[in-house]
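# Structural features, examined
Each chain is listed here by its residues.
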Amino acid sequence: MHLEDAIPHIFDVEGTWSDHPDDPGGATMLGVTFATFKRAVDADLVDGPKTRDRLRELTRKEAMRIYRALYWREAGCHRLPDGVDLVVFDAAVNQGVTRAVRFLQRAAGAKADGIFGPQTHQAAMNADRDRLLRDLTVYRGLHYTSLGKFGVFGKGWLRRLLDTYRLAVLHTHSGDG
């Protein structure tokens, strides 16, 4: 899978502008938090001032650049099997890159240090894909249920989690005949 195939799911589940007072991510546009937006400006991924107004004007093209550099590549998605890449990418966006890589490492039986390197890559490639997808989804769900804001956001998080899993499995098995 390529980022271009995965991004519609992220845009769909993230929506456009959000600034819920209980959301620890704070203000977001197309799923890009204000903190991530400021990092993106510093990294010359987007132009303009580091303001909430500028974040609110973020385009899909700009968001795509941010997702490619700060999520897709940092989480190693470009090196993962089809379907697994989508689940790790969605986890990176919603639960953080380091945590997403740890979920992958735990599910694949690698050292869970949160850094995508050669050992993580090898473990993911050698793992049974169906089991890896299932275990990734379980680790993500367990993390969600441990959060204090689960009562506020839990239903949406679980809906997102199951939809991501469904899409990953469909994509994984679409060529199995």
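Residues numbered from 1 in each chain as written. Predicted model: local features only at pLDDT ≥ 70, side-chain atom pairs only at ≥ 80, totals over all residues. Heavy atoms only, no water.

### Looking at the overall build of the chain
Within the chain, the regular secondary structure consists of 9 helices and 3 strands. Written out in order from the N terminus, the α and β elements of the chain read α-β-β-β-α-α-α-α-α-α-α-α. Expected size for 177 residues packed as a compact globule is a radius of gyration near 16 Å; at 16 Å, the chain falls within 12% of this value. Once the C-alpha set of the chain is aligned to its principal axes, its extents read approximately 45 × 35 × 35 Å. (Helix = DSSP H or I, 4+ residues; strand = E, 2+ residues; numbered from the N terminus. Rg over C-alpha atoms; globule rule 2.2 N^0.38 Å.)

### Points about the sheet that holds strand 2 (residues 28–29)
The sheet built from 3 strands is open, its strands ordered 1-2-3 with antiparallel pairing. Unpaired on one side and paired on the other, strand 1 (17–18) and strand 3 (32–33) mark the two borders of the sheet. (Pairing = 2+ DSSP bridges.)

### Things to note about the packing of aromatic side chains
Each aromatic ring pair is summarised here by two numbers: the centre-to-centre distance and the angle between the ring planes. Scanning all chains against the criterion turns up 7 aromatic pairs. Ring centres of Y67 and F89 lie 5.8 Å apart, and the angle between their planes is 85 degrees; this geometry places the pair in the edge-to-face category. Here Y67 is found in helix 4 (residues 60–72), whereas its partner F89 is found in helix 5 (residues 84–95), with 22 residues between them in sequence. As far as the burial class goes, Y67 and F89 line up, both buried. Each ring, one from F150 and one from W157, has its centre 6.4 Å from the other, and the planes form 45 degrees; the classification is tilted. The exposure class of F150 is partly exposed, given its relative accessible area of 24%. (Phe/Tyr/Trp six-rings, centres within 6.5 Å; stacked < 30°, edge-to-face > 60°. Buried < 20%, exposed > 50% of the residue type's maximum accessible area, 1.4 Å probe, protein only.)

### With respect to the pattern of salt bridges
Within the structure shown, the criterion is met by 12 salt bridges. For R68, the salt bridge identified is with E4, shortest N-O distance 2.5 Å. Residue R68 is located in helix 4, and its partner E4 is located in helix 1 (residues 3–14); the two are separated by 64 residues in the primary sequence. By relative accessible area, which is 42% here, E4 ends up partly exposed. For K50, the salt bridge identified is with D42, shortest N-O distance 2.7 Å. (Salt bridge = Lys/Arg side-chain N within 4 Å of Asp/Glu carboxyl O.)

### Things to note about the environment of L58
Tracing the sequence through the fold places L58 in the loop between helix 3 (52–56) and helix 4. Considered as a pair, L58 and V32 are 26 residues apart in the sequence and their alpha carbons are 8.8 Å apart. Those residues in contact with L58, other than ones at most four positions away along the chain, are M29, L30, V32, F37, V46, A63 and I66. (Contact = heavy atoms within 4.5 Å.)

### Details of the nonpolar core
Counting residues in hydrophobic clusters, the biggest one holds 51 residues, and the most contacted among them are Y67 and F89. Every element with two or more residues in this core is listed here: helix 1, helix 2 (34–42), helix 4, helix 5, helix 6 (97–108), helix 7 (118–126) and helix 8 (129–146). Ranked by the residues each element gives to this core, the list is headed by helix 5, at 8 residues. Filtering out sequence-adjacent residues up to four positions away, F89 remains in contact with L3, A6, I7, I10, Y67, Y71, W72 and C77. (Core = buried A, V, L, I, M, F, W, Y, C linked by side-chain atoms within 4.5 Å.)

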